[in-house]
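Read off the chains here:
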Amino acid sequence: MVVEFGAARRLGALLRTQFPSLTRLCVVTDGFLHKSGLLDQALADLSAHGWNATVIDDVVADPPEHIVLDATSRAREASAEIVLGLGGGSSMDVAKLIAVLAPQDQQALSEMYGVNKVTVSRLPLVQMPTTAGTGSEVTAVSIVTVGEAKKLGVVAPQLVADLAVLDAELTLGLPVVATAATGIDAMVHAIEAYTSAHLKNPVSDMLAVKALELLWRNLLPACENGQNREAREAMLLGAAFAGQAFANSPVAAVHALAYPIGGIYHVPHGLSNALVLPHVLRFNAEAAAHLYAELADVIVPGMTGSARSKTLTLIERLELMIAATEIPVRLRDVGIERSGLKRMASDAMLQTRLLMNNPRSVTEADALAIYSAAF
Ligand SMILES: [Zn+2]
């Protein structure tokens, strides 16, 4: 991993030393970033160092399958030798799949959904996040929207990048709402990794605690002043640590219940998570009280009291923080109608990959009750 403020401005040189024999690079990003000019210096430095870069800039949030497949065809046409994801989680997720799909025709995307289903190797892959949130730069997960609203994950070790470049300069201009929502998503990664029912281990615990500490202290400062370099660097590092935490110890019901909100209503991933976070934690409170109490100690050091009271403090502090960012806090604030909750609850049940990690088992009736509380 490269952690360096301003790394994007010397991206061509940086990649030249890491991949000396390659020249045809495919940059996967979104149209807004491309047009904003944020990538200009990176692209200029790439060409100055002998890179022949093809920019694929049609990634959209919650990328549907056809976007992945079209992007793959374009990467093939350009004979890409290496893939660079440069953007938010969606761009990095699409980059992962292009790297796996472009060099072969033995395995189709439709055969890759699930855990450890990828059987092929991939092109070299570099990731460079422009938000401090998804942690996709360090995870083995790629999320695709299949059909109208179903979100499926490809989870395979091949999706872990060869190199992640963390340049906080790229996040300085991120608007407040996106800073808040993506930062809360990263916090959810840390919290869910720490309480995951399977695969939780001392390494994921250490990463989750460090992540939560960094994210908790720096989220509001980064929202208040987007140009706060220290806060932005801490957020980017916190998001990467949280990503590594859940790469080891996967996320659970907050994410399972967030996916239908994104899938059906196209609410951004971070905001979807923020909307259900306090309500899922309350649902889990008793089952995970001793773990939540340990996380409460991270955000309010020196606190006394029972595990139960610490858990309630954790939830309360998170709610206050979410309110302070002024992002929407109720499902009805993002255009969801009460009549839609049933379908969301039924769709959430499809996320068995995630629900199995929750510290308390979640039935469809539970999911509906959580959505109703969040409505
Ligand atoms: Zn997430």
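Quick note: structure is the one above.
What you see is a predicted model, and the numbers here were worked out from it, not measured in a lab.

*Asks:* Would you mind going over empty space enclosed by the protein with me for this structure?
*Replies:* A water-sized probe rolled over the atoms picks out the places where empty space is left. One pass over the structure, following the stated rule, counts one cavity of 30 Å³ or more. Within this model, the largest cavity holds a volume of roughly 40 Å³. In this structure, the largest cavity is lined by Ile 191, Glu 192, Thr 195, Ala 252, Val 254, Val 280, Leu 281, Asn 284, Tyr 292, Asn 358 and Pro 359. Mapped by element, the contributors of at least two residues to the lining of the largest cavity are helix H6 (176-195) and helix H10 (269-284).

*Asks:* I tried to follow the pattern of salt bridges on my own but got confused; where do I start?
*Replies:* Should their charged atoms come close, side chains of opposite charge can pair. Applying the stated criterion across every chain yields a total of 14 salt bridges. Where Lys 96 meets Asp 93, a salt bridge forms, and the shortest distance between an N and an O atom there is 4.0 Å. Taken together, the residues span about one helical turn, with Lys 96 and Asp 93 both in helix H5 (residues 89-101) at a distance of three residues. A relative accessible area of 9% means that Asp 93 is categorised as buried.

*Asks:* Explain unusual backbone geometry to me, please; I cannot follow it from the model alone.
*Replies:* Both trends apply: most residues other than glycine have a negative phi, and most peptide bonds are in trans. Here the phi dihedral of Asp 62 falls at roughly 50 degrees; this positive angle occurs in a residue that is not glycine. Tracing the chain through its elements places Asp 62 in the loop between strand S3 (52-56) and helix H4 (65-77). Here the phi dihedral of Glu 326 falls at roughly 65 degrees; this positive angle occurs in a residue that is not glycine. Take Glu 326: its relative accessible area is 69%, and that puts it in the exposed class.

*Asks:* How should the nonpolar core be read in this particular structure?
*Replies:* One recurring pattern in soluble globular proteins is that nonpolar side chains are buried together. Counting residues in each nonpolar core, the largest one holds 82 residues, and the members touching the most others are Ile 184, Leu 257, Ile 261, Leu 331 and Tyr 371. Here this core takes 10 residues from H6, the largest share from any one element. Within the second largest apolar cluster, 30 residues are counted, among which are Val 28, Met 112, Leu 125 and Val 146.

*Asks:* Would you mind showing me how to read the pairing of strand S8 (residues 150-155) here?
*Replies:* In summary, the side chains of a regular strand alternate between the two faces of the sheet. Summarising the sheet, strand S5 (residues 114-115) and S8 pair through two bridges and their orientation is parallel. When the sheet's bridge partners are listed, Val 115 is paired in S8 with Val 155. Linkage of strand S7 (residues 141-146) to S8, two consecutive antiparallel strands, is achieved through a turn of three residues, within which Gly 147 is found at a positive phi near 65 degrees.

*Asks:* Looking at this structure, how should I read the side chain of Arg 232?
*Replies:* Within the secondary structure layout, Arg 232 lies in helix H8 (residues 229-248). Of the buried charged residues, Arg 232 lacks a salt bridge, with Glu 233 as the closest side chain of opposite charge at 11 Å. Among the polar contacts made by the side chain of Arg 232, one reaches the main-chain carbonyl oxygen of Leu 172 at a distance of 3.3 Å. Contact partners of Arg 232, with chain neighbours within four places excluded, come to Ala 168, Thr 171, Leu 172, Leu 174, Thr 179, Ala 222 and Gly 226.

*Asks:* Before we go on, may I ask you to explain the packing of H6 against helix H11 (residues 289-299) in this structure?
*Replies:* The axes of two packed helices give the description: the angle between them and the distance between them. Orientation of H6 relative to H11, taken along the N-to-C sense of each, is 140 degrees, at an axis distance of 9 Å. The orientation of H6 with respect to H11, classified from their angle, is oblique. Crossing of H6 over H11 shows right-handed handedness. Here Ile 191, Tyr 194 and Thr 195 of H6 lie close against H11, whose contacting residues are Leu 291, Tyr 292, Glu 294 and Leu 295. Partitioning the contact of H6 with H11 into residue classes produces five nonpolar, one polar and one charged.

Criteria and thresholds
Residues numbered from 1 in each chain as written. Predicted model: local features only at pLDDT ≥ 70, side-chain atom pairs only at ≥ 80, totals over all residues. Heavy atoms only, no water. 1 Å grid on protein atoms, 1.4 Å probe; cavity = no way out; pocket = protein on both sides within 12 Å on 5 of 7 lines; lining within 4 Å. Points joined across faces, edges and corners; volume = space filled by probe spheres on them. Helix = DSSP H or I, 4+ residues; strand = E, 2+ residues; numbered from the N terminus. Salt bridge = Lys/Arg side-chain N within 4 Å of Asp/Glu carboxyl O. Buried < 20%, exposed > 50% of the residue type's maximum accessible area, 1.4 Å probe, protein only. Core = buried A, V, L, I, M, F, W, Y, C linked by side-chain atoms within 4.5 Å. Pairing = 2+ DSSP bridges. Lys, Arg positive; Asp, Glu negative; His and termini not counted. Polar contact = N/O pair within 3.5 Å; in protein donor to acceptor, adjacent residues only side chain to side chain. Contact = heavy atoms within 4.5 Å. Axes fitted to C-alpha atoms, helices over the stretch in contact; angles between N-to-C directions. Parallel < 35°, antiparallel > 145°, perpendicular 65-115°, else oblique. Left-handed = near helix turned anticlockwise from the far one by under 90°. Nonpolar A, V, L, I, M, F, W, Y, C, P; charged D, E, K, R; others polar.

Distances and angles like these do not, on their own, reveal function.
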